[in-house]
Amino acid sequence: MGREEKKRQTKLAITNAAFKLFSENGYESTKVEDIVKLAGVSKGTFFNYFPTKEAVIEDFERISIYSEAEKLMNITSPVVPKLLSSLINIVHNLNYTRSLRRATLMATLSSANNLNNHLDNMNNLRALLIPIFKHGQETGEFTQKLSPETLADLTIQMFIGVLTHWCLGGGEDDLITQLMMSFDVFFKGISS
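Each residue is numbered by its place in its chain's sequence as written, counting from 1. With pLDDT at 70 or above as the cut-off, local features in this predicted model cover only qualifying residues; side-chain atom pairs require 80 or more to be listed or tallied, and sums for whole chains, interfaces and linings still use all residues. No hydrogens and no water enter the side-chain calculation; it runs on all heavy atoms of the structure.

Per the convention used, a helix needs a DSSP run of H or I reaching at least four residues, while a strand needs a run of E reaching at least two, with both numbered from the N terminus. Of the regular secondary structure elements, the chain holds nine helices and zero strands. Going from the N terminus to the C terminus, the chain shows its helices and strands as α-α-α-α-α-α-α-α-α. Accessible area is worked out with a 1.4 Å probe on protein chains only. A residue is then buried under 20% of its type maximum, exposed over 50%, and partly exposed in between. Split into buried and exposed, the 192 residues of the chain put 44% on the buried side. Total accessible area computed for the chain in this model is approximately 10,000 Å², and 55% of it derives from carbon and sulfur atoms. Here the positive residues are Lys and Arg and the negative ones are Asp and Glu; neither His nor the chain ends is included. By convention, the point assigned to a charge is CZ for Arg, NZ for Lys, CD for Glu and CG for Asp. Taking the average place of the 20 positive charges on the side chains of the chain and the average place of its 21 negative ones, the gap between the two points comes to 4 Å. For every accessible area listed, the method is Shrake-Rupley and the probe measures 1.4 Å; residues are considered covered only by the protein chains on display.

A word on the packing of helix 4 (residues 53–71) against helix 6 (residues 98–109). Geometry of a packed helix pair, given as the angle between the helix axes and the separation of the axes. Structural elements are reduced to axes, namely lines fitted to C-alpha atoms, with helices fitted over the stretch in contact, and the angle between N-to-C directions of any two is expressed from 0 to 180 degrees. Running from amino to carboxyl end, helix 4 crosses helix 6 at an angle of 105°, the nearest separation of the two axes being 9 Å. By the angle between their axes, helix 4 is roughly perpendicular relative to helix 6. Here Glu54, Ile57, Glu58 and Glu61 of helix 4 lie close against helix 6, whose contacting residues are Arg101, Thr104, Ala107 and Thr108. Looking at the contact of helix 4 with helix 6 residue by residue, the class counts come to two nonpolar, two polar and four charged. An angle counts as roughly parallel when it lies under 35 degrees, as roughly antiparallel when it exceeds 145, as roughly perpendicular when it falls between 65 and 115, and as oblique in every other case. Only heavy atoms enter the contact rule, under which two residues are in contact if any of them lie within 4.5 Å. Amino acids are sorted into nonpolar (Ala, Val, Leu, Ile, Met, Phe, Trp, Tyr, Cys and Pro), charged (Asp, Glu, Lys and Arg) and polar (every other residue, Gly among them).

This part covers the pattern of salt bridges. One speaks of a salt bridge when a side-chain nitrogen belonging to Lys or Arg is within 4 Å of a carboxyl oxygen belonging to Asp or Glu. Summed over the entire model, instances satisfying the criterion amount to 11 salt bridges. Measuring nitrogen to oxygen at the nearest pair gives 3.4 Å for the salt bridge that ties Asp59 to Lys11. With Asp59 in helix 4 and Lys11 in helix 1 (residues 3–25), the pair connects residues that are 48 residues apart, well separated along the chain. Here Asp59 falls in the buried class, since its relative accessible area comes to 10%. According to the relative accessible area criterion, Lys11 is partly exposed, its value standing at 27%. The residue Glu33 makes a salt bridge to Lys43 at a minimum N-O spacing of 2.5 Å. Separated by 10 residues along the polypeptide, Glu33 in helix 2 (residues 32–39) and Lys43 in helix 3 (residues 43–49) bring together distant segments of the chain. You can call Glu33 partly exposed: its relative accessible area is 40%. The exposure class assigned to Lys43 is partly exposed, which follows from its relative accessible area of 38%. Through salt bridges with shared partners, one network takes in Lys11, Asp59 and Arg62.

The next subject is the packing of aromatic side chains. When we look at a pair of aromatic rings, we describe it by the centre distance and by the angle of the planes. Pairing of aromatic rings covers Phe, Tyr and Trp, the last counted by its six-membered ring, and requires centre-to-centre distances within 6.5 Å; plane angles under 30 degrees mean stacked, over 60 mean edge-to-face, and any other angle means tilted. Tallied over the full model, the rule gives nine aromatic pairs. Consider the rings of Phe186 and Phe187, whose centres lie 5.5 Å apart with planes at 55°: the pair is tilted. Members of the aromatic cluster, connected to one another through ring pairs, are Phe133, Phe142, Phe183, Phe186 and Phe187.

Moving on to the side chain of Asn114. Relative to the helices and strands, Asn114 resides in helix 7 (residues 112–138). Classification of Asn114 as buried rests on a relative accessible area of 14%. Apart from residues lying up to four places away in sequence, Asn114 is in contact with Glu54, Ala107 and Thr108.

Here it is in structure tokens:
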């Protein structure tokens, strides 16, 4: 096994251990010591990959979101089913519980650095979504009353809004059901 592959596997082991413990014990109750023990790495190794416990969450969310968004780069019509499928895949891959999503929200808001990282990630996601909405407008799937930039912004706002509302106890117990209902209304509202 090459050096880069070993690094990737170590980072994945840390991430998997962290999310398993976050889901079982809650974010606040999980200590870095617990994560490294389950991952089978030293504390120093953990900090070589992640500066904080919060960074594990941020990195995993970023990778999950970008990998789905990149799959949409060569999208063909119709856009809506593929975009909805990607949103569902993101939520499925993140395997959120309400408490885990609350933890990710709190981690994002816990420092200016975390918030700036989140905003950078959302701006990068926005840049990936804009051409998708432009394509959907060109094929007549989406209204042209709103710019592709606005549609991308609204999609991100809707996604974060559903996640936040759900983690605070609102809506359906099943997050994917909540997401599908909300985006069904959203996509109908922006169709041409």
